[in-house]
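Remarks on the overall topology
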Amino acid sequence: MTSRDPALPGHHAPAMRASDADRDRVAAVLAEALATGRLTSLEHADRLQATYDSVTLGELAPITHDLPDVTATAHGPAIVRHEVRAVFSKVVRGGRWIAGRHTALNATFGALIVDLSDAVLPGREITLEVNSSFGKLIVRVPENAHVIDEVSALFAKRHISGGHGDEGGPVIRVVGRATFGKIIVARERTDWNLPDRS
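Residues numbered from 1 in each chain as written. Predicted model: local features only at pLDDT ≥ 70, side-chain atom pairs only at ≥ 80, totals over all residues. Heavy atoms only, no water.

Some details on the sheet that holds strand β3 (residues 102-108)
As summarised here, the arrangement of the five strands in space is β1-β3-β5-β9-β7, forming an open sheet in which the pairing is parallel. This sheet does not close on itself; its edge strands, each paired only once, are β1 (81-87) and β7 (146-154). Neighbour-to-neighbour, the strand axes of the sheet open up by a mean angle of 10 degrees, direction not taken into account. (Pairing = 2+ DSSP bridges. Helix = DSSP H or I, 4+ residues; strand = E, 2+ residues; numbered from the N terminus. Axes fitted to C-alpha atoms, helices over the stretch in contact; angles between N-to-C directions.)

Written as structure tokens, this is what we have:
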């Protein structure tokens, strides 16, 4: 890569550890490439996953070697915040999808089931803002995730499991509130301990 490339500034060595800002600059290039049709959605997801798995600047360099740089006004990836809602309905989100660094999950008089086990997580730490009001919200996290529980409940059921994951695994901070509802965050479906009423 040249010194103009966002992942590898000319005054840094490839072995230097990458910062979150370095990864975000590469993610911005990928987002622009997706928007302009240079990458398919699958290619974008694969490269974004590689971006946030990268440890050094040298590992970031090949990810955008065949893509043009974006303008200096780009401050980060196009997908920073993501929101999934279930209102008077049942919504299931799973498979390969791109979560936001801050992802809001809301179940209001409905059921929302979100599986993060195959999702692309943008960064070493993401925040899930979970809110269940007269609803049911179930989240499956990756097996190696470290879960930080900051969820409150009022006349509700909450079960947040996961605790310490593998070293180097993603950190998932869960914040929010359950009011006359149910919030379950766990690694395995068996931990959900809920009958399927669909």
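Overview of the confidence of the model for the protein chain
Here the protein chain averages 84 in pLDDT, while 83% of its residues score no lower than 70. Segment residues 72-79: pLDDT under 50, and 11 contacts once partners within four positions in sequence are set aside and those in other chains are kept. The model gives residues 194-198 a pLDDT under 50, and that stretch makes six contacts with residues more than four places away or in other chains. (pLDDT = per-residue confidence, 0-100. Contact = heavy atoms within 4.5 Å.)

A few points about the pairing of β3
Across the seven residues that make up β3, a large majority, five, are buried. Summarising the sheet, β3 and strand β5 (residues 125-133) pair through seven bridges and their orientation is parallel. Of the residues in β5, the one forming a bridge with Ala104 is Glu129. (Buried < 20%, exposed > 50% of the residue type's maximum accessible area, 1.4 Å probe, protein only.)

Brief notes about the packing of aromatic side chains
A full pass over the atoms with the stated rule returns four aromatic pairs. Centre to centre, the rings of Phe155 and Phe180 are 5.2 Å apart; their planes meet at 10 degrees, and the pair counts as stacked. Of this pair, Phe155 sits in the loop between β7 and β8 (157-160) while Phe180 sits in the loop between β9 (171-179) and β10 (182-186), and the two are 25 residues apart along the sequence. On the accessibility criterion, Phe155 (63% relative accessible area) is exposed. (Phe/Tyr/Trp six-rings, centres within 6.5 Å; stacked < 30°, edge-to-face > 60°.)

A short note on the nonpolar core
Nonpolar side chains in soluble globular proteins tend to be buried together. Membership of the largest hydrophobic core comes to 26 residues, with the highest contact counts inside it found for Leu105, Leu116 and Leu128. Leu128 has contacts with Thr103, Leu105, Leu116, Val139, Ile172, Arg173, Val174 and Val175, leaving out every residue within four places of it along the chain. Counting 16 residues, the second largest nonpolar core, distinct from the first, contains Ala27, Leu39, Leu48 and Tyr52. (Core = buried A, V, L, I, M, F, W, Y, C linked by side-chain atoms within 4.5 Å.)

Digging into the environment of Ala156
Locating Ala156 in the fold gives a position in the loop between β7 and β8. Placed 22 residues apart in sequence, Ala156 and Ala178 show a C-alpha to C-alpha distance of 5.8 Å. If near-sequence neighbours (up to four positions away) are discounted, Ala156 is found in contact with Ala178, Thr179, Phe180 and Gly181.

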